[in-house]
Amino acid sequence: MSARLLHWSMAAGGLAALAYLALPEREPPHAAAPAPREAAVPRATPQSALALVAAGSNAPATLDTPLNTDALLEHLMGPAPEAALPQLEALARRAPGEALPLYERLLARWASQRQFPQALLALSTAPLSDDTLRALKQRLIDSWAEAAPDQATRWAQNIPGQAELLGPLQDRWLQQDARSATVFASTLPQGEQRQALLDESLSRWTAQDGLAARDWLRSQGSRPDLDEAIARHATGDELARNAPFDAMDLIGRIAAPERRWQAWQALAQTLQDIDHDRAVSLLNQAPGLTPAERARLLEELRPLP
Amino acid sequence: MNGQQMQHPLGRLWQGLLGLVLVAVAGTAAAAPSARTVPACTKVNVSATIDVPAGTTWDGVAKYGKWVCLIGTASNMKGTQSESQIPMFKLNNGSTVKNVVIGDGSLGSGTNLAAGGADGVHCYGVCNITNVYWADVGEDGATIKKLSGVTSKLTISGGAAFKAADKLFQHNGDGTMVIQDFYADNIGKLYRSCGNCSTQYARKVTVSGVRLGTVNSAGLGVNSSYDSKSGISGKYDVATITDLVYSGSKTKCVGYVGTGSGNEPAKDSSTSNVARSCVFK
């Protein structure tokens, strides 16, 4: 799925439609009864749901001939499935049970082609029950998160009403590419969500590839929003045991003085739990401590009984 | 006199205020993670406990170059609730296990499955479990065992666990269990301090930045008092809980009366005992 298509989809009215999908309650679909033939309801034309949404149309796409699900399926699996969407929607109004498997096939097809925004857009006009829509949407999101979590995460960030999906999508992205997911989190607008995603990202990245994560942290200079992640990583037993100089170097980069001091104390305790004599030796070499701070840290260390 | 000492007093005041603001921001406990899912992983069969030597790290992603899910194939590693299950990992003092999936969540449904999770991870001494996922918890997810001469400390940081029929983390030894930045769903209890071990200890558990989905019994179970059969009457466990996100109906922290081997621990009816043992910050 190209970024161009994603943007095009949004421009085609997807914003409103997808926000609509996220609403917990919505009006029930129109009654299943078909419109009388005499009524001035236009015959459904093979215009796409995208166009319908773009036009702001709520008019049901109806057919004046019996629906042939086999033919409809063939159309949906053909080169221009969007053209068959009005017929599928009409079928869904008349017989949701028959339409559901066709929706599943269509969505699976689009998912396999990574046309997730298009699939979500089609769902936004599907006259199916709320539970069914939620389940279909969740399946799509899961599939998208697995196939292209970066695109899915950016989509969730850009589409109003999808913010609650950011965390789970970021979760999948972190498993595939922790560096990119972390950098993405660091570029989000300031706020609680950004901080939460940044902490989460660094927690996972430091676990998966500590060397690379620490390189990145060093390249960021002194930033208060990184303090918590640095403190957690640098005061842990594993780093203190295997790379104590890295741990001390990181703590020296914590921006907030009080948080930095807490981290020094925590690291000193961790080092002491491992080996008291080595803790004293390491703290005597710790960078960035004033003589008074160093003396206080050493004084606080008590030999294990 | 250096430049720092020559600063105007108001400047120092301003710096102090700024420092306080920064501390207030930075000192905030880490937020609980959002719901997590098991990483896509390649199955690797395991026929015996993986013994992680003291002071070393077993890193699944580093070892295999990708996420793997370890499936116990021996009859006593199937991951049922049988008490005879052996662990998938034995962590010796100062060791770490990280970046791996234990068990296979796709085997059937429900919580009492032979999903190959064995008896999870056994920790002897000081251990770390970092970014580990239990796809389907077997008998227990992780257990602190007593190592003579060492005060136990198990730190579980990152990762997630799913489908634990009973408790997820079991504390049998002494010392402290730290559970931070963790997600668990469909579990009996997140943590249980042993109610009737043959040797009892007043234990500590620290929970911070943890999100729970479905909980079937309680969040934590601690011994808020110990009876005369326990051998440590008058002592009690302490759970320090920060940022535990759970919206279900089960109690977040339950107090029991710890007892000795062969006896069943009862719930502690003293609210003051429970209050001193379940400390929410």
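Each chain has its residues counted from 1, running along the sequence as written. Chains and ligands are labelled sequentially in the order written, the chains with letters from A and the ligands with numbers from 1. Since the coordinates come from a predicted model, pLDDT governs what is reported: local features require at least 70, and pairs of side-chain atoms require 80 or more to be given and counted, while whole-chain, interface and lining totals use all residues.

### Some points on the overall build of chain A
So, step 1. Within chain A, the regular secondary structure consists of 18 helices and zero strands.
So, step 2. C-beta atoms are placed from the backbone for every residue, and two residues are taken to be in contact when these atoms lie within 7 Å. A sequence separation of at least 24 residues applies to 64% of the contacts in chain A between residues at least 6 apart. Working definition: helices are DSSP H or I runs of at least four residues, strands are E runs of at least two. Numbering for both runs from the N terminus.

### So, the overall build of chain B
So, step 1. Helix and strand counts for chain B come out as three helices and 17 strands.
So, step 2. Counting the 281 residues in chain B, one finds 51% classified as buried.
So, step 3. In chain B, once contacts between residues fewer than 6 apart in sequence are set aside, the share between residues at least 24 apart is 72%. We call a residue exposed when 12 or fewer other C-beta atoms sit within 10 Å of its C-beta, buried when the count reaches 20 or more, and partly exposed for counts in between; the C-beta positions come from the backbone.

### Focus on the interface of chain B and chain A
So, step 1. With 30 residues of chain B at the interface, the matching set in chain A holds 29 residues.
So, step 2. Of all the elements in the fold, those that place two or more residues in the side of chain B that touches chain A are helix H1 (9–26), strand E6 (95–102), strand E8 (126–134) and strand E10 (153–171) of chain B.
So, step 3. Here the element with the most residues in the side of chain B that touches chain A is H1 of chain B; it accounts for five residues.
So, step 4. Gly is put with the polar residues, along with every residue not named as nonpolar or charged; the nonpolar set is Ala, Val, Leu, Ile, Met, Phe, Trp, Tyr, Cys and Pro, and the charged set is Asp, Glu, Lys and Arg. Per-class residue counts for the side of chain B that touches chain A are 13 nonpolar, 14 polar and three charged.

### Let's talk about the nonpolar core
Residue and element names in this part refer to chain A.
So, step 1. Core analysis: the biggest nonpolar cluster contains 134 residues, and Leu88 and Leu267 have the highest contact counts within it.
So, step 2. Source of the domain bounds: an automatic or database domain assignment. Both domain 1 (1–29 + 43–166) and domain 2 (178–305) contribute no fewer than three residues apiece to this core.
So, step 3. What Leu267 contacts, discounting residues up to four positions off in sequence, is Ala234, Thr235, Ala240, Ala247, Met248 and Ile251. Here, a nonpolar core means buried Ala, Val, Leu, Ile, Met, Phe, Trp, Tyr and Cys residues linked by C-beta atoms lying within 7 Å of one another.

### Brief notes about the environment of Lys235 of chain B
Residue and element names in this part refer to chain B.
So, step 1. Counting through the fold element by element, Lys235 comes out in the loop between strand E13 (215–226) and strand E14 (238–245).
So, step 2. For the pair Lys235 and Ser224, spaced 11 residues apart in the sequence, the C-alpha separation amounts to 8.1 Å.
So, step 3. In this structure, Lys235 is in contact with Ala202 and Tyr226, ignoring residues within four places of it in sequence.

### A few points about the domain arrangement of chain A
All names here are of chain A.
So, step 1. Annotation of chain A at the domain level lists domain 1 (1–29 + 43–166) and domain 2 (178–305).
So, step 2. Taken together, the contact between domain 1 and domain 2 spans four residues of the former and four residues of the latter.
So, step 3. Within the side of domain 1 that touches domain 2, the residues separate by chemical class into two nonpolar, one polar and one charged.

### Topic: the environment of Leu166 of chain A
Residue and element names in this part refer to chain A.
So, step 1. Inspection of the secondary structure assignment puts Leu166 in helix H9 (residues 166–176).
So, step 2. Considering only alpha carbons, one finds Leu166 and Lys137, 29 residues apart in sequence, at a separation of 15 Å.
So, step 3. Residues contacting Leu166, with those up to four places away along its chain left out, are Thr153, Ala156, Gln157, Gln193 and Leu197.

### Remarks on the pairing of E13 of chain B
Residues and elements named next belong to chain B.
So, step 1. Burial of E13 is extensive: nine of the 12 residues sit out of reach of the surface.
So, step 2. With four bridges joining them, strand E11 (residues 176–193) and E13 adopt parallel strand pairing. Looking at E13, one finds that Arg192 is bridged to Gly221.
So, step 3. At least two bridges found by DSSP between two strands are what make those strands a pair. Where E13 and strand E15 (residues 253–258) come together, six bridges link them in parallel fashion. Following the sheet pairing, Gly221 is matched in E15 by Val254.

### A closer look at the packing of helix H5 (residues 96–112) of chain A against helix H7 (residues 130–147) of chain A
Residues and elements named next belong to chain A.
So, step 1. For helices, the axis comes from a line fit to the C-alpha atoms of the stretch in contact; other axes are also lines fit to C-alpha atoms, and the angle between any two N-to-C directions lies between 0 and 180 degrees. Running from amino to carboxyl end, H5 crosses H7 at an angle of 20 degrees, the nearest separation of the two axes being 11 Å. Judged by the inter-axis angle, H5 sits roughly parallel to H7. Crossing geometry of H5 relative to H7 is assigned as right-handed. In this structure, H5 contributes Leu100, Tyr103, Leu107 and Ala111 to the contact, and H7 contributes Thr132, Leu136, Leu140 and Ser143. The cut-offs work like this: below 35 degrees is roughly parallel, past 145 is roughly antiparallel, 65 to 115 is roughly perpendicular, and the gaps in between are oblique. The crossing is said to be left-handed when, going from far helix to near helix, the turn is anticlockwise and less than a right angle, and right-handed when the turn is clockwise.

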